[in-house]
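Analysis of the macromolecular model
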Amino acid sequence: MKLRLLPVVVFSFSKRVCEELSYTLGSLDLNDHKDKGVVYNFVDRSVKRLQEVDRRLPQVRRVRDLAARGIGVHHAGMLPLLKEVVELLF
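Now for a description of the structure that goes with this document. The shown structure was predicted, so the numbers you read here are calculated from the model rather than taken from an experiment.

Helices and strands together make up the secondary structure of the protein chain, namely 5 helices and 0 strands. Radius of gyration (C-alpha) of the protein chain: 13 Å, near the 12 Å computed for a compact globule of 90 residues. In terms of overall dimensions, the protein chain has C-alpha extents of about 50 × 30 × 20 Å along its principal axes. Buried positions account for 28% of the 90 residues belonging to the protein chain. Partitioning the contacts of the protein chain with sequence separation of at least 6, the portion at a separation of at least 24 is 56%. Within the structure as shown, the protein chain displays about 6700 Å² of accessible surface, and the carbon and sulfur contribution to it stands at 58%. Taking the 16 positively charged and 11 negatively charged side chains of the protein chain as two groups, their mean positions are separated by 1 Å.

Below you can see the structure in the form of structure tokens.
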């Protein structure tokens, strides 16, 4: 029997621990090809609102990669737009 146990929310009160937990998920991928396309499209359209220099920040690439795999990370050290993207997606 296959159990559908998603979505899952994990809370951490530490920005550092939140980031570390996201890296421990490594290659976990919860989205299929179609879902990834929807997420990439949404994130790419959203980050166009950022200045060019901000679009190249590592956290932008990280949020895009994680979100495409069905993982959302949200903490106070993120750009407000990225937090909003995560909130809307998840």
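Following the structure, the description resumes.
Let us look at the nonpolar core. Membership of the largest hydrophobic core comes to 14 residues, with the highest contact counts inside it found for Val47, Leu50, Val60 and Leu82. Elements supplying a minimum of two residues to this core: helix 2 (33-47), helix 4 (58-68) and helix 5 (80-89). Beyond its immediate chain neighbours, meaning those up to four positions away, Leu82 contacts Val47, Gln59, Val60 and Val63.

Taken together, the side chains of Leu25, Leu28 and Leu30 present a nonpolar region at the surface, about 210 Å² in accessible area. Considering the arrangement of structural elements, one finds Leu30 in the loop between helix 1 (15-24) and helix 2.

Rules used throughout
Residues numbered from 1 in each chain as written. Predicted model: local features only at pLDDT ≥ 70, side-chain atom pairs only at ≥ 80, totals over all residues. Heavy atoms only, no water. Helix = DSSP H or I, 4+ residues; strand = E, 2+ residues; numbered from the N terminus. Rg over C-alpha atoms; globule rule 2.2 N^0.38 Å. Buried < 20%, exposed > 50% of the residue type's maximum accessible area, 1.4 Å probe, protein only. Contact = heavy atoms within 4.5 Å. Areas by Shrake-Rupley, 256 points an atom, 1.4 Å probe, with all protein chains shown as cover. Lys, Arg positive; Asp, Glu negative; His and termini not counted. Charge placed at Lys NZ, Arg CZ, Asp CG, Glu CD. Core = buried A, V, L, I, M, F, W, Y, C linked by side-chain atoms within 4.5 Å. Patch = residues over 30% accessible without salt bridge, like charges linked within 9 Å, V, L, I, M, F, W, Y side chains within 5 Å. Salt bridge = Lys/Arg side-chain N within 4 Å of Asp/Glu carboxyl O.

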